[in-house]
Amino acid sequence: MRATYSRKTTDEDTELFYVYGTPDKTTGLGLTGYGSEYDLDDKHDLFDAYISGDFELFGREHQLVTGINYAKTSYIDSSLYDYTTGNGFPAMPDLNDWDGNATKPTLVDGKRGSDVVAKQKAAYFTARFNVVDDLHVITGGRYNDWHVEGEAYGTLQDASDKEFIPYLGAVYQITPQLMAYSSYTETFLS
C-alpha cells in the first residue's frame with residue numbers, strides 16, 4: 001500500500017503594465033497601455049492511496065492495482081484597474097523614443113475577480129493478466145465525481161459531472177524484437 005498527500009499554495013500580488021495594439025509604421029503611434037493589479041490566493045490539495053500486488057489465477061501470475069484519489073483546488077483572485085485618471089489605459093508614445101516610464105495608475109476602479117472551489121473524487125483499478133506466455137491483457141477503469149462552485153469575473157462556474165472511464169489494452173510478443181499493441185479508452189472532460 002502507498003499513500004501520498006501534497007499541498008501547493010500561491011499568494012501573488014502583482015502590478016502589471018502591458019502595451020497592446022498595432023503601431024503605425026510611420027509614426028510609431030497607435031498603441032495603448034494597460035495597467036492593472038492582480039492578486040491571487042490559490043490552494044491545491046491532492047491525496048492518492050493505492051494497493052498493488054500479484055495474484056494467481058488459472059496457474060498464472062497476474063497484477064492488480066486499486067486506489068482512491070481526492071483533489072481540491074480553490075482560488076480567489078481579483079484584478080484592479082484605473083478607468084478614471086487616464087493613467088490606467090494611456091495612449092502610448094512612439095515606442096522608438098519611449099524610455100519605458102509611464103505614470104503609475106491609481107488601481108482602485110473596476111475591481112473584478114473570482115472565488116472558485118473545484119473538487120474531484122475518484123476510484124480506480126487496473127489489472128494485468130498474463131493470458132499466455134506472449135499475450136498480456138490490461139484492463140481497468142476510473143470513476144470520477146467532479147464538482148465546481150463559484151463565480152469568475154461575473155460568470156457562474158457551478159457544474160458537476162460523474163462518469164466511469166474504461167480502459168482495455170493488449171500486448172502480444174510476435175518475436176523477441178517485435179510487439180503488437182492495441183488499446184481502447186475514453187476521456188473525461190469536465
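In what follows, the accompanying structure is described. All chains use their own residue numbering, which begins from 1 and follows the written sequence. In keeping with the predicted nature of the model, local features appear solely for residues at pLDDT of at least 70, side-chain atom pairs appear and are counted solely at 80 or more, and the whole-chain, interface and lining totals rest on all residues. Side-chain numbers here rest on the full set of heavy atoms in the structure, without hydrogens or water.

1. Examining the overall build of the chain
Helix numbering and strand numbering both begin at the N terminus, where a helix is a DSSP run of H or I of at least 4 residues and a strand a DSSP run of E of at least 2. A count of helices and strands for the chain gives zero helices and eight strands. Going residue by residue from the N terminus, the α and β elements of the chain occur as β-β-β-β-β-β-β-β. Atoms counted for the radius of gyration: C-alpha only. Globule rule: 2.2 Å times the number of residues to the power 0.38. For 190 residues, the compact-globule formula gives about 16 Å, and the C-alpha radius of gyration of the chain, at 27 Å, lies well above that figure. Along the first, second and third principal axes, the C-alpha set of the chain runs to 80 × 40 × 25 Å.

2. A short note on the pattern of salt bridges
Only one rule defines a salt bridge in this text: a Lys or Arg side-chain nitrogen within 4 Å of an Asp or Glu carboxyl oxygen. Per the stated rule, a full pass over the model turns up four salt bridges. Where Glu 15 meets Lys 104, a salt bridge forms, and the shortest distance between an N and an O atom there is 3.3 Å. Taken together, the residues Glu 15 in strand β1 (residues 2-21) and Lys 104 in the loop between β3 (60-81) and β4 (109-132) connect sequence positions 89 residues apart. Per residue, the accessibility class of Glu 15 equals that of Lys 104, and both read exposed. Exposure categories follow from relative accessible area, calculated using a 1.4 Å probe and restricted to protein chains: below 20% of the type maximum is buried, above 50% is exposed, and the middle band is partly exposed.

3. As for the pairing of strand β8 (residues 178-185)
Note: strand β7 (residues 159-175) against β8, eight bridges, orientation antiparallel. Note that in β8 the partner of Tyr 167 across the bridge is Thr 185. Only strands that DSSP links by at least two bridges are regarded as paired with each other. Here β7 folds back onto β8, and the loop between the two strands holds two residues.

4. Looking at unusual backbone geometry
The phi angle at Phe 58 is positive, at roughly 55°, despite the residue not being glycine. Following the sequence through the fold, Phe 58 ends up in the loop between β2 (31-57) and β3. Assessed through its relative accessible area of 78%, Phe 58 is described here as exposed. Of note, the phi angle at Tyr 153 is positive, near 50°, even though the residue is not glycine.

Function-wise, these values are silent; they only describe arrangement.
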